[in-house]
Amino acid sequence: MTETQRTWSEAESARYRAAGHWQGVTFGARLRTWAAAHGGRVALVDGDRRWTYAELDTEADRVAAGLHGLGIGRGDRVVVQLPNRAEFLLVWFGLQRLGAVPVHAMPGHRRREIGHLVRVAGAVACVVPDRHARFDHRELMREVRAEQGPGGSLRHVVVVGDPGNDEGFVPFAALRTPAPSASGPVSGDAGGADAADVALLLLSGGTTGLPKLIPRTHDDYAYNARACVEVCALDARTVYLAVLPLGFNFTFACPGVLGTLMAGGTVVVAPDPSPQTGYALVEREGVTLTSLTPPLVPHWTQEAAAGGWDLGSLSVVQVGGARLPEDHARTLGPALGVTVQQVFGMAEGLINLTRLDDPEDLVCATQGRPVSPDDEVLVVDADGRPVPDGTAGELLTRGPYTLRGYYRAEEHNRTAFTPDGYYRSGDVVRRLASGHLVVVGRIKDQINRGGEKVAAVEVEEQLLTHPAITAAALVGVPDERWGERSVAFVVCAGTAPGAREVAAHLKERGLAGYKAPDEVVQVPGLPLTAVGKVDKAALARGLPRP
Ligand SMILES: O=C(O)c1cccc(O)c1O
């Protein structure tokens, strides 16, 4: 199969270099520079284990030497499915040192997703934990390996922890050769990779089907992180707590892990997303910044309000991944004594942040504005024509860190981009005169009820104003009469209100009658996807079939 990766034109590349956005430095070389600049500072904390920048650099060399011994080198794709432990970063930088390309799988992915990633990426190896969250990843890898067969690309499975008695699995501990020679087998700091090469493959957060692979170059991804570092004013005093999965772009580079390391700060990994675990780490490590998804916000707010924690070091909490209800935004800051920052981004590129000095109304009611002056944003109607500010339309974007084509997806690429290179995000937004965006919904997260379009988020926000409802998700399900009917899945402390009562409540709130859910189903909790978004597909699947 010969296929060329769609990318930026020569002229655009020259422009982004001239602007200083693209600096021509690989991640392997960056780690070397960081170690030289602040070698003795703590880069990474996982439980009782800590690595200085110098130690992280040495560790990357060791892991690289071990991976090189397996035959892994420049350009090879390696699926990394690791939980929030230091090994994620040791493996990541080991791969960067070889010019190899990590594929960011999520801890919750199973046979269907991992098999798909290995096939599409043509991955030569997978790196997995032994067990995580009561699941045996070695078992998963046996299934994936069997399914790929001898003709597949997969040659190695590296297991962090106990590889079990499968002779084919390589224990991570054995990869770490004790003392790689300085002149080692690996050429340069990045295995000969160029900064314009693909450095990693992220996954699309698409709401349907299997994830697409998003190629991110060293140049563009470093700029993604650096632009966020500037907006968030990170420096060497920054202590970032990684609560959400490390493989998630938000956690990794917005500014997250990479931004913190660029600034000379410290990354602390949280083994689980509970506020108890998080607050204990805030106290112990003096965490200054963290990021959450909206479903975590009420828990973190309640736990802080309950008192007993010293959160004095914490200064900014970012919330992104899905739309944050406005009243949750308003209560979070005071409860924790922090500045709230809304984050609306995409693994495909464009990142929007509210600014730390934005007035409260912008912070609470918008999802921020682009981080780069060279991010180009269009808001268009169904015919692709720009709409005036304040009017909802689809967000199209291109710029110095937004992809021009998914990896090995030529068919999809023909429709996912405009002829002049804008990525069609599928997100429906309103842009304010200030440039801030308000997310109204997803084109696909719309329920088309007999021609009347219902934006799920809009109804969900209103459902939350009902005193009995603490969480809600509106899902479209196939219906003979309407094409689609809407089902509200609600979480309530007591008994859920019926559909009639909900309709009356929404009417009272001023919503059009057709937006009232056709059905209300009480659930104990909303299921989440690997990155912490409400899993609407799972909810819809859970309904009894007609
Ligand atoms: O979904 C998001 O809002 C988001 C935010 C930051 C980074 C991402 O990749 C995202 O998908």
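Residues numbered from 1 in each chain as written. Predicted model: local features only at pLDDT ≥ 70, side-chain atom pairs only at ≥ 80, totals over all residues. Heavy atoms only, no water.

Novice: Is there a simple way to explain the site of the ligand in this structure?
Specialist: The environment of the ligand is formed by Phe 248, Asn 249, Phe 250, Gly 321, Val 343, Phe 344, Gly 345, Met 346, Ala 347 and Lys 533. At 3.0 Å, a side-chain N or O of Asn 249 approaches an oxygen atom of the ligand. Across the complex, the protein chains shield 92% of the 290 Å² of accessible surface that the ligand would expose by itself. Elements with a minimum of two residues in the shell around the ligand: α9 (249-253) and β16 (339-346). At four residues, β16 tops the list of elements feeding residues into the shell around the ligand. By residue class, the composition of the shell around the ligand is six nonpolar, three polar and one charged. (Near = heavy atom within 4 Å. Polar contact = N/O pair within 3.5 Å; in protein donor to acceptor, adjacent residues only side chain to side chain. Areas by Shrake-Rupley, 256 points an atom, 1.4 Å probe, with all protein chains shown as cover. Helix = DSSP H or I, 4+ residues; strand = E, 2+ residues; numbered from the N terminus. Nonpolar A, V, L, I, M, F, W, Y, C, P; charged D, E, K, R; others polar.)

Novice: Please explain the pairing of strand β22 (residues 437-442) as it appears in this structure.
Specialist: Every regular strand shows the same layout, with side chains that alternate between the two sheet faces. In terms of strand pairing, strand β21 (residues 423-431) meets β22 through five bridges, oriented antiparallel. By the bridge assignment for β22, Arg 431 is matched with Leu 437. Count of turn residues in the β21/β22 antiparallel hairpin: five residues, of which Gly 435 carries a positive phi of about 95°. (Pairing = 2+ DSSP bridges.)

Novice: In this structure, what is going on with the UniProt feature "domain: AMP-binding enzyme C-terminal" (unreviewed entry) in the protein? I would like to understand it.
Specialist: In this numbering, the UniProt entry assigns the feature "domain: AMP-binding enzyme C-terminal" (unreviewed entry) to residues 458-533. Overall, residues 458-533 shows 21% helix and 33% strand. The separation of its end C-alpha atoms is 16 Å. (UniProt positions renumbered as here; feature names shortened; annotations may be inferred.)

Novice: In this structure, what is going on with the confidence of the model for the protein? I would like to understand it.
Specialist: Close inspection of predicted coordinates is inappropriate for parts of the model with low pLDDT. A residue-level look at the protein finds 96% of positions with pLDDT of 70 or above and a mean pLDDT of 93. Scoring the predicted complex yields pTM 0.87 and, for the interface, ipTM 0.97. (pLDDT = per-residue confidence, 0-100.)

Novice: I would appreciate a short explanation of the packing of helix α11 (residues 275-285) against helix α12 (residues 297-305) in the present structure.
Specialist: To describe two helices that pack against each other, one gives the angle between their axes and the distance between the axes. Closest axis-to-axis distance for the α11/α12 pair is 9 Å, and the angle between their directions is 60°. Of the possible angle classes, the one that applies to α11 and α12 is oblique. For the pair α11 and α12, the sense of crossing is right-handed. Where α11 approaches α12, its residues Pro 275, Gln 276, Gly 278 and Tyr 279 are matched on the opposing element by His 299, Trp 300, Thr 301, Glu 303 and Ala 304. (Axes fitted to C-alpha atoms, helices over the stretch in contact; angles between N-to-C directions. Parallel < 35°, antiparallel > 145°, perpendicular 65-115°, else oblique. Left-handed = near helix turned anticlockwise from the far one by under 90°. Contact = heavy atoms within 4.5 Å.)

Novice: Can you help me understand the nonpolar core in this one?
Specialist: Nonpolar side chains in soluble globular proteins tend to end up buried together. In terms of nonpolar packing, the biggest core is built from 118 residues, with Leu 44, Ile 72, Phe 93, Leu 241, Leu 258 and Leu 336 touching the most fellow members. Of the residues that make up this core, three or more belong to each of domain 1 (27-194) and domain 2 (220-442). With sequence-adjacent residues up to four places away left out, Ile 72 is seen in contact with Leu 67, Val 78, Leu 95, Leu 98, Ala 100, Val 124 and Ala 125. Of all hydrophobic cores here, the second largest spans 22 residues; its members include Val 79, Leu 140, Val 157 and Tyr 407. (Core = buried A, V, L, I, M, F, W, Y, C linked by side-chain atoms within 4.5 Å. Buried < 20%, exposed > 50% of the residue type's maximum accessible area, 1.4 Å probe, protein only. Domains from an automatic or database assignment.)

Novice: What's the story with the domain arrangement of the protein in this structure? I'm lost.
Specialist: Interfaces are frequently sized by the accessible area removed from exposure as the parts join. Each assigned domain of the protein is listed with its residue range as follows: domain 1 (27-194), domain 2 (220-442) and domain 3 (446-541). Computed from C-alpha atoms alone, the centre-to-centre distance between domain 1 and domain 2 is 27 Å. Facing the 29 residues of domain 1 at the interface are 30 residues of domain 2. Each partner contributes to the roughly 2300 Å² buried at the junction of domain 1 and domain 2, and carbon and sulfur atoms together form 60% of this total. When the buried area of domain 1 at its contact with domain 2 is split by residue, Phe 27, Val 45 and Asn 84 rank highest and sum to 25% of it. Taken together, the links from domain 1 to domain 2 amount to one salt bridge. Glu 285 serves as the salt-bridge partner of Arg 50, at 2.7 Å between the closest nitrogen and oxygen. Elements supplying a minimum of two residues to the side of domain 1 that touches domain 2: α2 (27-38), β1 (42-46), α4 (86-98) and α5 (111-121). Among the residues making up the side of domain 1 that touches domain 2, the classes are represented as 17 nonpolar, five polar and seven charged. (Buried area = accessible area lost by both parts, 1.4 Å probe. Salt bridge = Lys/Arg side-chain N within 4 Å of Asp/Glu carboxyl O.)

Novice: Can you walk me through the pairing of strand β13 (residues 266-269) in this structure?
Specialist: Burial along β13 is two-sided: Thr 266 and Val 268 and Val 267 and Val 269, pointing in opposite directions, are all buried. Taken together, the two bridges between β1 and β13 define a ladder with parallel strand orientation. Residue pairing across strands places Leu 44 opposite Val 267, the latter belonging to β13. For strand β12 (residues 239-242) and β13, the ladder comprises four bridges, and the chain directions are parallel. Bridging across to β13, Tyr 240 finds its partner in Val 267.

Novice: Before we go on, may I ask you to explain the sheet that holds strand β27 (residues 519-522) in this structure?
Specialist: Strand pairing within a sheet occurs via backbone hydrogen bonds; the two strands may be parallel or antiparallel. Taken in spatial order, the three strands make up an open sheet running β25-β26-β27, and their pairing is mixed. The outermost strands of the open sheet, each flanked by one partner alone, are β25 (469-479) and β27. The mean inter-strand angle of the sheet, taken between neighbouring strand axes irrespective of direction, is 30°. Relative to strand β26 (residues 483-492), β25 runs antiparallel, the two sharing 10 bridges. When the sheet's bridge partners are listed, Ala 472 is paired in β26 with Val 490.

Novice: How should the side chain of Asp 375 be read in this particular structure?
Specialist: Relative to the helices and strands, Asp 375 resides in the loop between β18 (369-370) and β19 (376-380). The side chain of Asp 375 sits in the buried core without any salt bridge; Arg 355 is the nearest counter-charge, 7.4 Å away. Here Ser 372 takes part through its backbone nitrogen, which lies 3.0 Å from a polar atom of the side chain of Asp 375. A polar side-chain atom of Asp 375 sits 2.7 Å from a polar atom in the side chain of Tyr 401. (Lys, Arg positive; Asp, Glu negative; His and termini not counted.)

Novice: Sorry if this is basic, but what is going on with the sheet that holds β19 here?
Specialist: Read across the open sheet, the four strands follow the order β19-β20-β21-β22; overall the sheet is antiparallel. Strands with a single pairing partner mark the edges of an open sheet, and in this sheet they are β19 and β22. When the angles between neighbouring strand axes are averaged without regard to direction, this sheet yields 45°. Bridging between strand β20 (residues 393-398) and β21 involves four bridges; their strand directions are antiparallel. Bridge pairing in β21 places Gly 393 opposite Val 429.

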